[in-house]
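Architecture and fold: a report
Each chain, written out:
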Amino acid sequence: MHSKFVRKSKLLLYHVIRLFGGGVAAARFMGVKVGDDCRIITTRISTEPWLITIGNRVTITAEVFFLTHDGATSLIADERGRRHKVAPIVIGDDVFIGVCSIIQPGVRIGDRVIIAAGSVVTKSVPSGSVVGGAPARIIGNFDDYKRKALERFPASSDMVGDTFLERTDSIVDRTFRPDLVPDCTKRETTEQESDEQ
């Protein structure tokens, strides 16, 4: 009963710290090692927060999950008892982790890495990579993304207005991405191309 009360009290205090001190302060309170100039938006801190190390200038967006254990191992037991898989997560410097991503136990993320929204990161990510998907795979590199962003995206100095809404509206890209094309159309085109050859 005492340990349950302590856990509930710590969780309540975590939310109070998060509300008044922000995500970084709350994560540090829980035991996460966090570097400088970070933004932590997620509230999904692991059940083993002391196993998470976050470098400098890291952004962790909403609903990112850090899994430092594999709960399925509790199904495996013999006369020696249940099995456990617990492993740390280490994140380098200058990393962005997109919304609803999952970082699995034992993953090390290098420096200058972008993880696309909704990614499931099951393997360590080398420095300078852009990864995405489930499971995540390398889809680009940081230097190419940086070059594209510097050439195509508005800068802070381009923003005009007094409020956040006005500043944001002044730089909104009002064009939409191209329509999806059904896979069957792609297959038909590929089949026609090979018939013509």
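Residues numbered from 1 in each chain as written. Predicted model: local features only at pLDDT ≥ 70, side-chain atom pairs only at ≥ 80, totals over all residues. Heavy atoms only, no water.

For the chain, an unreviewed UniProt entry supplies the name Acyltransferase and the organism Roseiconus lacunae. Quoted verbatim from the Sequence similarities (unreviewed entry) heading of the UniProt record, the comment on the chain is "Belongs to the transferase hexapeptide repeat family." (UniProt positions renumbered as here; feature names shortened; annotations may be inferred.)

The parallel open sheet is built from four strands, whose spatial order is 1-3-8-11. Taken across any chain shown, the strands that pair with only one partner, and hence form the sheet edges, are strand 1 (33-34) and strand 11 (108-109). Note: strand 8 (residues 89-91) against strand 11, two bridges, orientation parallel. Counterpart to Val 90 in the pairing with strand 11 is Arg 108. (Pairing = 2+ DSSP bridges. Helix = DSSP H or I, 4+ residues; strand = E, 2+ residues; numbered from the N terminus.)

Moving on, we come to the pairing of strand 14 (residues 129-132). Burial along strand 14 is two-sided: Ser 129 and Val 131 facing one way and Val 130 and Gly 132 facing the other are all buried. The sheet contact formed by strand 12 (residues 113-115) and strand 14 spans two bridges and is parallel. The residue bridging Ile 114 from the neighbouring strand is Val 130, located in strand 14. When strand 14 meets strand 15 (residues 137-141), the two strands line up antiparallel, connected through four bridges. Pairing of Gly 132 across the sheet is with Arg 137, part of strand 15. (Buried < 20%, exposed > 50% of the residue type's maximum accessible area, 1.4 Å probe, protein only.)

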